[in-house]
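A closer look at the structure
Here is how the chains run, residue by residue.
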Amino acid sequence: MGLFTKDIATLDDLFVHQLQDIYYAENQITKALPTMIAKATDPQLRSGFEQHLAETQNQIKRLEQVFQMHGHTPKAVDCPAIDGIIKEANETAGEIADKEVLDAALIAAAQAVEHYEITKYGSLIAWAKQLGREDCAAVLQQNLDEEGATDKKLTAIAEAKVNARAA
């Protein structure tokens with residue numbers, strides 16, 4: 001199903017479709033993070049990726065909770081955007097021999113993922129509220145808060161040492 005097809009006729013349809021999209025994205029991220037953990041050389045960065053893997057697994061559980069609260073079975077739909085972000089990250093990382101530059105690239109790739117997720121969760125929360133689903137919005141807000149905190153941690157690691165070492 002494309003993003004704007006006849007299967008999406010209402011805001012509720014759009015909400016469910018985007019919930020399926022972010023569900024797919026979070027699952028793909030749990031597959032990509034172990035590679036990022038293995039490639040990271042900065043101990044703080046590696047630890048941050050490990051922590052975010054555990055958070056992402058909990059975020060998937062929360063998404064499953066939102067599906068159930070909204071009367072749907074958890075289901076993923078392909079998300080070309082996250083696939084593209086992950087593919088680009090893998091290609092870029094494969095081209096960098098200098099480990100310090102690689103850490104900077106890994107942070108940039110991770111932040112691209114975080115910004116995508118922040119956008120999705122922001123929209124989902126707004127739509128849930130519009131649909132009268134404050135309960136769903138509250139659960140989704142937990143995921144959004146974690147994504148924002150991860151983005152800030154990545155920025156701090158980059159600015160404190162990784163970017164300077166890469167230069």
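In what follows, the accompanying structure is described. The structure presented is a predicted model; accordingly, all values stated were derived computationally and were not measured.

A few points about the nonpolar core
Among the nonpolar cores identified, the biggest contains 47 residues, and Phe 15, Leu 19, Leu 45, Phe 49, Ile 82 and Leu 140 are the most heavily contacted of them. Contributing elements (two or more residues each) for this core: helix 1 (11-39), helix 2 (43-69), helix 3 (80-94), helix 4 (99-130) and helix 5 (134-166). Setting aside residues no more than four positions away along its own chain, Leu 19 makes contact with Leu 63, Val 66, Phe 67, Leu 124 and Leu 140.

Quick notes on the environment of Glu 117
If you trace the backbone, Glu 117 turns up in helix 4. Leave out the neighbours within four places in its chain, and Glu 117 touches Ile 22, Glu 26, Ile 29, His 52 and Glu 147.

Considering helix 2
Counted at 1.5 Å a residue, the expected span for helix 2 with its 27 residues is 39 Å, and the 39 Å between its end C-alpha atoms agrees. Within the span of helix 2, buried status applies to Leu 45, Phe 49, His 52, Leu 53, Glu 55, Thr 56, Gln 59, Ile 60, Arg 62, Leu 63, Val 66 and Phe 67. Elements in contact with the buried residues of helix 2: helix 1, helix 4 and helix 5. At the N-terminal end of helix 2, a side-chain oxygen is found 3.0 Å from the backbone nitrogen of Gln 44, two or three residues along, and the residue is Asp 42. Phi for Gly 71, located one or two positions after helix 2, is positive at around 80 degrees.

Focus on the packing of helix 2 against helix 4
Geometrically, a packed helix pair is captured by the angle between its two axes and the distance between the axes. It is at 13 Å that the axes of helix 2 and helix 4 come closest, and there the two elements cross at 20 degrees. Here helix 2 is positioned roughly parallel relative to helix 4, judged by the angle of their axes. At the point where helix 2 passes helix 4, the crossing takes the left-handed sense. Note on element contacts: helix 4 touches helix 2 through Asp 103, Leu 106, Ile 107, Ala 110, Glu 114, Glu 117 and Tyr 121, opposite Leu 45, Phe 49, His 52, Gln 59 and Leu 63. Here the residues of the contact of helix 2 with helix 4 are counted per class, giving 7 nonpolar, 2 polar and 3 charged.

Some details on the side chain of Asp 42
Checked against the element boundaries, Asp 42 lands in the loop between helix 1 and helix 2. Using a relative accessible area of 1% as the deciding quantity, one classes Asp 42 as buried. At a separation of 3.4 Å, a polar atom in the side chain of Asp 42 contacts the side chain of Lys 161. What Asp 42 contacts, discounting residues up to four positions off in sequence, is Asp 103, Ile 157, Lys 161, Val 162 and Arg 165.

Here's the deal with the environment of Lys 120
Its location among the elements puts Lys 120 in helix 4. Given the relative accessible area of 16%, Lys 120 is considered buried. On a C-alpha basis, the gap between Lys 120 and Leu 102 in space is 27 Å, while along the polypeptide they are 18 residues apart.

With respect to helix 1
End to end, helix 1 covers 41 Å across 29 residues, agreeing with the expected 42 Å (1.5 Å per residue, within 8%). Within helix 1, the axis deviates most sharply at Ala 32, by approximately 30 degrees, and proline Pro 34 lies no more than four positions further along.

Criteria and thresholds
- Residues numbered from 1 in each chain as written.
- Predicted model: local features only at pLDDT ≥ 70, side-chain atom pairs only at ≥ 80, totals over all residues.
- Heavy atoms only, no water.
- Core = buried A, V, L, I, M, F, W, Y, C linked by side-chain atoms within 4.5 Å.
- Buried < 20%, exposed > 50% of the residue type's maximum accessible area, 1.4 Å probe, protein only.
- Helix = DSSP H or I, 4+ residues; strand = E, 2+ residues; numbered from the N terminus.
- Contact = heavy atoms within 4.5 Å.
- Expected span 1.5 Å × (residues − 1).
- Polar contact = N/O pair within 3.5 Å; in protein donor to acceptor, adjacent residues only side chain to side chain.
- Axes fitted to C-alpha atoms, helices over the stretch in contact; angles between N-to-C directions.
- Parallel < 35°, antiparallel > 145°, perpendicular 65-115°, else oblique.
- Left-handed = near helix turned anticlockwise from the far one by under 90°.
- Nonpolar A, V, L, I, M, F, W, Y, C, P; charged D, E, K, R; others polar.
- Bend = angle between axes of the 7 residues up to and from the residue.

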